[in-house]
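Architecture and fold: a report
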Amino acid sequence: FPVTIYALPKSLTWLGKVDQDRFEVDGIYYDYLFYDVRLPLEKMQFEAGVCTSREEAITWMMKDLKEMGHSALSLQDFEEHWRVKIPQYLYYCIYPQYNAQLDLHMPVEISIKQSKFHRSLYILLPYETAPTPENVVSELPLPVKDPKEIRPETKVKREVDFREWGVAFLGF
């Protein structure tokens, strides 16, 4: 079972409503929803991405989120959280996963008309030295495609726009 805030019932579904800029579930208001899950790697993509230093990894993910239209508050939350949470390896390869990959394993249904849900999950693989084909630390290849090739169009075209970000780690 995934770990969640608001607690996930046995049905494995959340049911709530949006009130202003918060979620309301069973009379309790949340500024955000949190979940922690394990996903199978088989249907994730490991061709598009970047390999870079730890500091540049955070900058790259924030730039990607900004280009996808995340709010200043969302970017601030991301930076405050991940600047201290990403382990202190010198380098990382980042493999972004978007709706096309995530919806296969964790489908989300939003019953609000004229809404869109944009998802971004960054899978990080740590390296002690700059990643090269000679020092690959796992069965995963180094990324060879520009992530922009797989990034979905996220310009706001709907009245209600939901956005999700997350970070996952491999190799720890």
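Described in the following lines is the structure provided in the data block.

Conventions used here
- Residues numbered from 1 in each chain as written.
- Predicted model: local features only at pLDDT ≥ 70, side-chain atom pairs only at ≥ 80, totals over all residues.
- Heavy atoms only, no water.
- Disulfide = S-S within 2.5 Å.
- Helix = DSSP H or I, 4+ residues; strand = E, 2+ residues; numbered from the N terminus.
- Buried < 20%, exposed > 50% of the residue type's maximum accessible area, 1.4 Å probe, protein only.
- Polar contact = N/O pair within 3.5 Å; in protein donor to acceptor, adjacent residues only side chain to side chain.
- Pairing = 2+ DSSP bridges.

Let's talk about the state of the cysteines
Enumeration according to the criterion identifies 1 disulfide in this entry. Disulfide pairing places Cys 51 opposite Cys 93 at an S-S distance of 2.0 Å. Taking the sign of the S-S torsion, 100 degrees for the link of Cys 51 and Cys 93, the bridge is right-handed. With a gap of 42 residues between them, Cys 51 in strand 6 (residues 50–53) and Cys 93 in strand 7 (residues 91–98) connect regions that are remote in the sequence. On the accessibility criterion, Cys 51 (33% relative accessible area) is partly exposed.

Quick look at the environment of Arg 83
Looking at where Arg 83 falls in the secondary structure, it is placed in helix 2 (residues 72–85). Distance from Arg 83 to Lys 116, taken between C-alpha atoms, is 28 Å for residues 33 residues apart in sequence. One polar contact links Arg 83 to Glu 55, side chain to side chain, over a distance of 2.6 Å. Within the structure, the side chain of Arg 83 is placed 2.9 Å from the side chain of Glu 79, a separation counted as a polar contact.

Notes on the pairing of strand 8 (residues 115–127)
Here strand 8 lies mainly inside the structure; 12 of its 13 residues are buried. Note that strand 7 and strand 8 share 8 bridges and pair antiparallel. Paired with Ile 94 across the strands is Leu 124, a residue of strand 8. Two elements, strand 8 and strand 9 (residues 160–169), share 10 bridges in a ladder whose sense is parallel. Residue pairing in the sheet places Ser 120 in a bridge with Trp 165 of strand 9.

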